[in-house]
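Coordinate analysis (summary)
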Amino acid sequence: MFDFDTPVNRKGTWCTQWDYVQDRFGIADLIPFTISDMDFKIAPCIEQALNQRISHGVLGYSRWNNQEYFEALSHWYLSQFSIPIDTNMTVYGPSVIYMVAKLINLWSHENESIVVHTPAYDAFYKAIIGNNRKVEACPLIKKDTNWLCDMDYLETLLGKEEVKILLLCSPHNPTGKVWSEQELKHMAQLCEKYHVKVISDEIHMDMIWQEKHLPWSQFGLNEWALLSSASKSFNIPALTGAYGFINCQETKEQYSQQLKAKDGLSSPAVLSLVATIAAYQQGSPWLKALKGYLRSNLDYVAEKLNTAFPQLKYTVPQSTYLAWIDLRALNLDEQKLQHQLIHHEKVAIMPGSTYGLEGKGFLRLNVGCSRSKVEVGVNAIINAINSIK
């Protein structure tokens, strides 16, 4: 029913991944497998909804707190995760990372600390350090094919007086870890014990391959905020727009005050509302087909890499369309590998060190694209490794 195989030419569309690859990798015209958006066209139901709204001809100021939007959020969480949500907790923002930054400002002071599981999404570091806070790293431990959190060490960090927030990524980017019910309960208990507030970034919640996503709203015991967006799942980040649920009325009011009065963001992008409503009310069949395609891409990566280098024993992540490839068994020089990928294979693939010290020795390959493009990326990795071994 849906075509994910036919490549779409994104060049010349002001596309961050394709048109501005030189900004990060130093060379233009590389084939990119970088930031986490996809090369696929949007779902037909979203396209139809956008066309209908544009044909109306008026794009004036809008409001996000409307019944259709709330009903779409409620429908999605009930149909996908089997949980009801309290729409009275809802807040809106231009992006999840913006909302993370605002809550960091509300819930902590300068020079206080935020706990993050590492390796971590690089924007987390920027949001924390850019707001004059400190990162307390809680490294995830790879055991066989799983990523584990040392809960005793996490408790040590949460017990520090200067630690005010746990910034949780659920599911986790870049490892693809899906947090278990037991882990979420344990973290909630620790945060309650030490009066640490929780910001849970759940933007990848729809991209889980086997287990069902468990929203933090089911586990939080003290103050928390759950943040998400349809942007990753339905490939609409250029429209902007994210939402959150905040369980503390006072914080919700403070956040809204920051959004409107301090930052002057009183009207959302109306096309973002239209797209999100269409996605959450009608987009489930498209998303199901997409997930099947993405999982097949990840399986292909695993098969090709393990055939070429059996010692890698690479396995598909539990979630996300980001292949987090552990190359440490090959004892490669990351700089030499990147040089080979960029200058000889002509591809841009994110080095693991982008996500902190714990990412050294890894690559993050975005497979949110046609199979033919994935084949180019995997072959480039294999060729680059063989060239420098």
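What comes next is a walk through the structure. (Residues numbered from 1 in each chain as written. Predicted model: local features only at pLDDT ≥ 70, side-chain atom pairs only at ≥ 80, totals over all residues. Heavy atoms only, no water.)

1. Examining the side chain of threonine 118
By secondary structure assignment, the location of threonine 118 is in strand β3 (residues 113-118). Of the residues examined, threonine 118 reaches a relative accessible area of 1% and is grouped as buried. Side chain to side chain, threonine 118 and glutamate 358 meet in a polar contact 3.2 Å long. (Helix = DSSP H or I, 4+ residues; strand = E, 2+ residues; numbered from the N terminus. Buried < 20%, exposed > 50% of the residue type's maximum accessible area, 1.4 Å probe, protein only. Polar contact = N/O pair within 3.5 Å; in protein donor to acceptor, adjacent residues only side chain to side chain.)

2. Notes on unusual backbone geometry
One can expect most non-glycine residues to show negative phi and most peptide bonds to be in trans. The omega torsion of the bond from threonine 118 to proline 119 falls at 0 degrees, within 30 degrees of zero and hence cis. Topologically, proline 119 is positioned in the loop between β3 and α6 (122-130). Despite not being glycine, tryptophan 14 has its phi angle at roughly 60 degrees, a positive value. As for its placement among the helices and strands, tryptophan 14 is situated in the segment before α1 (16-19). One non-glycine residue with positive phi stands out, namely histidine 195, at about 55 degrees. Relative to the assigned elements, histidine 195 resides in the loop between α8 (181-193) and β7 (197-201).

3. Side note on the sheet that holds strand β4 (residues 134-143)
If you trace the eight strands from one edge of the open sheet to the other, you get β2-β9-β8-β7-β6-β3-β4-β5, paired in mixed fashion. The sheet is open, and its two edges are formed by β2 (90-93) and β5 (146-149), each paired on a single side. Ignoring which end each strand starts from, the neighbouring axes of this sheet average 25 degrees apart. Across the face of the sheet, helix α5 (residues 96-107) comes into contact with β2, β3, β6 (163-169), β7, β8 (224-228) and β9 (242-246) while running at roughly 165 degrees to β8. Against the sheet, helix α7 (residues 151-158) touches β3, β4, β5 and β6, its axis set at about 175 degrees to β4. (Pairing = 2+ DSSP bridges. Axes fitted to C-alpha atoms, helices over the stretch in contact; angles between N-to-C directions. Contact = heavy atoms within 4.5 Å.)

4. Focus on the packing of aromatic side chains
Counting across every chain of the model gives 20 aromatic pairs. Between phenylalanine 234 and tryptophan 286 the ring centres are 5.7 Å apart and the planes differ by 20 degrees, which places this aromatic pair in the stacked class. One end of the pair, phenylalanine 234, is in helix α9 (residues 231-234); the other, tryptophan 286, is in helix α12 (residues 284-308), and 52 residues separate them in sequence. An aromatic cluster of three or more residues is present, and its members are Phe4, Phe40, Trp76, Tyr77, Phe81, Phe234, Tyr243, Phe245, Tyr280, Trp286 and Tyr293. Between the NZ or CZ atom of lysine 177 and the centre of the ring of tryptophan 179, over which it lies, the distance is 4.8 Å. (Phe/Tyr/Trp six-rings, centres within 6.5 Å; stacked < 30°, edge-to-face > 60°. Lys NZ or Arg CZ within 6 Å of the ring centre and 35° of its normal.)

What is shown is where atoms sit, not what they do.
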